[in-house]
Amino acid sequence: MQDTRRDPSRADQVHDRLLADIVAGTYPLQSRLPPEEVLAQTCGVSRPVLRMALARLREDGIITSRRGSGNYVTRRPDRAVMDFVPLGSITDIRRCYEFRADVESAAAAWAARRRTEADLAAMEAAQALLAGSYRQQQLGVEADHQLHLAVARASGNPFYVTVLESLATQIAFGMTLSRSLTLQGAPDRQAKVEAEHRALIEAIRAADPEAAAAAMRRHVIAARDRMFEGGD
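Residues numbered from 1 in each chain as written. Predicted model: local features only at pLDDT ≥ 70, side-chain atom pairs only at ≥ 80, totals over all residues. Heavy atoms only, no water.

### Quick word on the overall build of the protein
Then step 1. Within the protein, the regular secondary structure consists of 11 helices and 2 strands.
Then step 2. When its helices and strands are written in sequence order, the protein yields α-α-α-β-β-α-α-α-α-α-α-α-α.
Then step 3. Burial status across the protein gives 46% buried among its 232 residues.
Then step 4. Sequence-distant contacts in the protein: of pairs separated by 6 or more residues, those separated by 24 or more amount to 76%. (Helix = DSSP H or I, 4+ residues; strand = E, 2+ residues; numbered from the N terminus. Buried < 20%, exposed > 50% of the residue type's maximum accessible area, 1.4 Å probe, protein only. Contact = heavy atoms within 4.5 Å.)

### So, the confidence of the model for the protein
Detailed reading of predicted coordinates is not advised where the pLDDT is low.
Then step 1. With 89% of its residues at a pLDDT of 70 or more, the protein shows a mean pLDDT of 87.
Then step 2. In the model, residues 1-7 has pLDDT below 50 throughout and makes 8 contacts with residues more than four positions away in sequence or in other chains. (pLDDT = per-residue confidence, 0-100.)

### With respect to the pairing of strand β2 (residues 70-73)
Then step 1. The sheet contact formed by strand β1 (residues 63-66) and β2 spans 4 bridges and is antiparallel. What sits directly across from R66, in β2, is G70.
Then step 2. What sits between β1 and β2 in their antiparallel hairpin is a turn of 3 residues, with G68 showing a positive phi close to 75 degrees. (Pairing = 2+ DSSP bridges.)

### Overview of the packing of helix α2 (residues 36-43) against helix α3 (residues 47-59)
Then step 1. At a minimum axis distance of 9 Å, the contact between α2 and α3 shows a crossing angle of 100 degrees. In terms of axis orientation, α2 runs roughly perpendicular to α3. Contacts between α2 and α3 involve E36, E37, L39 and A40 on the former and, on the latter, R47, L50, R51 and L54.
Then step 2. By residue class, the composition of the contact of α2 with α3 is 4 nonpolar, no polar and 4 charged. (Axes fitted to C-alpha atoms, helices over the stretch in contact; angles between N-to-C directions. Parallel < 35°, antiparallel > 145°, perpendicular 65-115°, else oblique. Nonpolar A, V, L, I, M, F, W, Y, C, P; charged D, E, K, R; others polar.)

### Let's talk about the environment of A131
Then step 1. Among the structural elements, A131 can be located in helix α6 (residues 117-135).
Then step 2. For the pair A131 and A191, spaced 60 residues apart in the sequence, the C-alpha separation amounts to 9.9 Å.

### Here's the deal with the nonpolar core
Then step 1. If you look at the biggest cluster of nonpolar residues, it comprises 49 residues, and the most contacted ones within it are L18, L50, L54, M123, V151 and I204.
Then step 2. Counting residues per element, this core draws most heavily on helix α5 (residues 90-114), at 7 residues.
Then step 3. Non-local contacts of I204, meaning those with residues more than four positions away in its chain, are made with A108, A111, A112, R115, L120, M123, V151 and A212.
Then step 4. Counting residues in each nonpolar core, the second largest holds 12 residues, with A107, Y160, I171 and M175 among its members. (Core = buried A, V, L, I, M, F, W, Y, C linked by side-chain atoms within 4.5 Å.)

### Here we look at the packing of helix α1 (residues 10-24) against α5
Then step 1. At a minimum axis separation of 9 Å, α1 and α5 run at an interaxial angle of 105 degrees. On the basis of their axis angle, the class for α1 and α5 is roughly perpendicular. Two secondary-structure elements touch here, α1 through D12, H15, D16 and L19 and α5 through I90, T91 and R95.
Then step 2. Each residue belonging to the contact of α1 with α5 can be placed in one class, and the counts come to 2 nonpolar, 2 polar and 3 charged.

### A closer look at the pattern of salt bridges
Then step 1. Applying the stated criterion to the full structure yields 17 salt bridges.
Then step 2. With a closest N to O distance of 3.1 Å, D12 and R95 form a salt bridge. With a gap of 83 residues between them, D12 in helix α1 and R95 in helix α5 connect regions that are remote in the sequence.
Then step 3. The exposure class of R95 is partly exposed, given its relative accessible area of 32%.
Then step 4. Across the pair E59 and R94 runs a salt bridge whose closest N-O atoms are separated by 2.5 Å. With E59 in helix α3 and R94 in helix α5, the pair connects residues that are 35 residues apart, well separated along the chain. (Salt bridge = Lys/Arg side-chain N within 4 Å of Asp/Glu carboxyl O.)

### Things to note about helix α11 (residues 209-226)
Then step 1. With 18 residues, α11 extends 26 Å between its outermost C-alpha atoms, agreeing within 8% with the 26 Å of an ideal straight helix rising 1.5 Å per residue.
Then step 2. For α11, the complete set of buried residues consists of A212, A213, A215, M216, H219, V220, A222, A223, R224 and R226. (Expected span 1.5 Å × (residues − 1).)

### Focus on the packing of aromatic side chains
Describing an aromatic ring pair means giving the distance of the ring centres and the angle of the ring planes.
Then step 1. This structure, assessed with the given rule, holds 0 aromatic pairs.
Then step 2. Here the basic side chain of R66 rests over the ring of Y72, its NZ or CZ set 3.8 Å away from the ring centre. (Phe/Tyr/Trp six-rings, centres within 6.5 Å; stacked < 30°, edge-to-face > 60°. Lys NZ or Arg CZ within 6 Å of the ring centre and 35° of its normal.)

As structure tokens, this is what we get:
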């Protein structure tokens, strides 16, 4: 399969560096980051590049800006994130989730319009395998991917399936990270994932395109956000 990775931009590098520093505790929870001019000099970048990196950290809920005061650390991701993800890959994982949210929500909407009983049975079978994996403290990445593929197939449009299959390596990497953190985290993480899947399947079963698209988008974005959940 073609390698879709690219050299990270300067903003990507700064984002991942600052995130690593926050995870490591260099900048503790509730602490104020150094002024922008200091951070820009420390990271060896211009102020505009730094601001792009800070904007992404704000989007992830890692930092919050306070008018006239600066940027503060409001969430510290689990240290395990850095055990699973090589520095420099975090931004690409985030982008993959964003892309999936757009593509898979559209596929879910079409699935709600076109699904057959066989399609619903395939989704239920994948979900059952996934639930069994959780009970056995296994990742269940393949079952998770099969559930998403079942939704794509139910759309009746093979291009959605082709996209997911072409991104199989990247999707599996993100799923492995998210599900590893879920298994290590509080029990409610697992319950949240199962509830998200159930809401998706039921919306497709109900032939409700808008609800199906919204359920898929919520699930994919929530999976991305779980990567940044606090470890404290």
